[in-house]
Amino acid sequence: VSPFVYASHCNLWVEMVRKFPDDEFIFYTPYRMSIDNMRNDTAKVAIAHNCNYVMFIDDDVIVPKDTYTKLRAANKDIIAAMTYIRGYPFHPMFFKDIGTEVLNNGKRRKNLTFHDDYLDTIQPDGLVRTGAVGFSCVLIKTDVIKAVSSPWFVTGPGHTEDVYFCIKACNELEPEPEI
């Protein structure tokens, strides 16, 4: 892990404890495993400990120290910090819904595309409503995880575990979660 990234994570944790002194934080770092298994294990730990939120931060993401404060204040079901995909052309790591289709087996499938035009859809509070987000820096209400059938996170040949969860939550929950 880059020393700049690690330092930003440490500064974030200090700020979280300083701003929320009555909250209990669980820092969960399981042994090396696939990312979908790690996220599923983390969700189980959060549910077992009656946590209000799950926050995932990848080990290559520099985070400002007020990230948790801002994500929590937004009070959304699933909310991610602004991050970009690592490779060119560096799309934002969130996706807009461009329609739902019904497949031959009767299941619904959301069609997503990169939300490259997000600047046109920024709300007055600075947030962007979107169809799915990457989980490189995300805060999820544990109640949303509890309401979705498990396994919550699955990596497949045509999808990542984070987008899978967002789509699954939207398909299973009424009303759809705010992302």
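Structure: see above.
Residues numbered from 1 in each chain as written. Predicted model: local features only at pLDDT ≥ 70, side-chain atom pairs only at ≥ 80, totals over all residues. Heavy atoms only, no water.

Colleague: Describe helix H1 (residues 3-19), naming the residues involved and giving the relevant values.
Modeller: In this model, H1 (17 residues) spans 24 Å end to end at C-alpha, consistent with the 24 Å of a helix rising 1.5 Å per residue. The set of residues buried in H1 consists of Val-5, Ser-8, His-9, Leu-12, Glu-15 and Met-16. All buried residues of H1 lie within an arc of 125° about the axis, which places them on one face of the element. Among the exposed residues of H1, those pointing more than 90 degrees away from its buried face are Pro-3, Val-14 and Arg-18. Measuring from the side-chain oxygen of the N-cap residue of H1 to the backbone nitrogen of Phe-4 gives 3.2 Å; that N-cap residue is Ser-2. (Helix = DSSP H or I, 4+ residues; strand = E, 2+ residues; numbered from the N terminus. Expected span 1.5 Å × (residues − 1). Buried < 20%, exposed > 50% of the residue type's maximum accessible area, 1.4 Å probe, protein only. Arc of directions from axis to C-beta. Polar contact = N/O pair within 3.5 Å; in protein donor to acceptor, adjacent residues only side chain to side chain.)

Colleague: Mind laying out the environment of Asp-59, listing which residues take part and the relevant values?
Modeller: On the secondary structure map, Asp-59 appears in the loop between strand E1 (53-57) and helix H3 (67-74). Considered as a pair, Asp-59 and Asn-171 are 112 residues apart in the sequence and their alpha carbons are 30 Å apart. Excluding residues that lie within four positions of it along the chain, Asp-59 makes contacts with Val-1, Val-5 and His-9. (Contact = heavy atoms within 4.5 Å.)

Colleague: I'd love a proper account of the sheet that holds strand E2 (residues 78-80), names of residues and values included.
Modeller: Hydrogen bonds between backbone groups are what pair the strands of a sheet, and the pairing can be parallel or antiparallel. Taking strand neighbours across the sheet as the criterion, the 3 strands line up as E1-E6-E2 in an open arrangement whose pairing is antiparallel. Across the chains shown, the open sheet's two edge strands, defined by having one partner strand only, are E1 and E2. With strand direction ignored, the average angle separating the axes of adjacent strands in the sheet is 15°. Strand direction decides the pairing type here: E1 and strand E6 (residues 137-141), joined by 5 bridges, are antiparallel. By the bridge assignment, Tyr-53 is partnered in E6 with Lys-141. Sitting on the sheet, H3 touches E1, E2 and E6, and the angle it makes with E1 is about 140°. (Pairing = 2+ DSSP bridges. Axes fitted to C-alpha atoms, helices over the stretch in contact; angles between N-to-C directions.)

Colleague: Could you give an account of the pattern of salt bridges, with specific residues and numbers?
Modeller: Following the criterion strictly, the structure yields 10 salt bridges and no others. With a closest N to O distance of 2.8 Å, Arg-39 and Glu-161 form a salt bridge. On the criterion of sequence distance, the pair formed by Arg-39 in helix H2 (residues 35-48) and Glu-161 in helix H5 (residues 161-172) is long-range, its members being 122 residues apart. Accessibility expressed as a relative area gives 2% for Arg-39, which makes it buried. Lys-96 is paired through a salt bridge with Asp-117; the nearest N and O atoms lie 2.9 Å apart. In this pair, Lys-96 sits in strand E3 (residues 94-102) while Asp-117 sits in the loop between strand E4 (108-114) and strand E5 (132-133), placing the two residues 21 residues apart along the sequence. Residue class for Lys-96 comes out partly exposed when judged on its relative accessible area of 24%. Sharing partners across several salt bridges, the network here consists of Arg-39, Asp-58 and Glu-161. (Salt bridge = Lys/Arg side-chain N within 4 Å of Asp/Glu carboxyl O.)

Colleague: Which residues make up the packing of aromatic side chains, and what values do they have?
Modeller: By the definition in use, this model includes 11 aromatic pairs. For the pair Phe-94 and Tyr-118, a centre-to-centre distance of 5.4 Å together with 70° between the ring planes defines the contact as edge-to-face. Of this pair, Phe-94 sits in strand E3 while Tyr-118 sits in the loop between E4 and E5, placing them 24 residues apart in sequence. Connected via pairs of aromatic rings, a cluster forms that spans Phe-56, Phe-135, Phe-153 and Phe-165. Stacked on the ring of Phe-56, the Lys or Arg Arg-39 has its end atom at 4.5 Å from the ring centre. (Phe/Tyr/Trp six-rings, centres within 6.5 Å; stacked < 30°, edge-to-face > 60°. Lys NZ or Arg CZ within 6 Å of the ring centre and 35° of its normal.)

Colleague: So what's going on with the nonpolar core? Which residues, and what values?
Modeller: Residues Phe-56, Ile-78, Val-133, Phe-135, Ile-140 and Phe-165 are the most contacted members of the largest nonpolar core, which totals 30 residues. Elements with a minimum of two residues in this core: H2, E1, E3, E5, E6, helix H4 (142-147) and H5. No other element matches the 6 residues that H5 contributes to this core. In contact with Phe-56, other than residues within four places in its own chain, are Met-38, Arg-39, Thr-42, Phe-135, Ser-136, Cys-137, Val-138, Ile-140 and Phe-153. Residues Met-16, Val-63, Leu-71 and Ala-74 belong to the second largest nonpolar core, which totals 11 residues. (Core = buried A, V, L, I, M, F, W, Y, C linked by side-chain atoms within 4.5 Å.)

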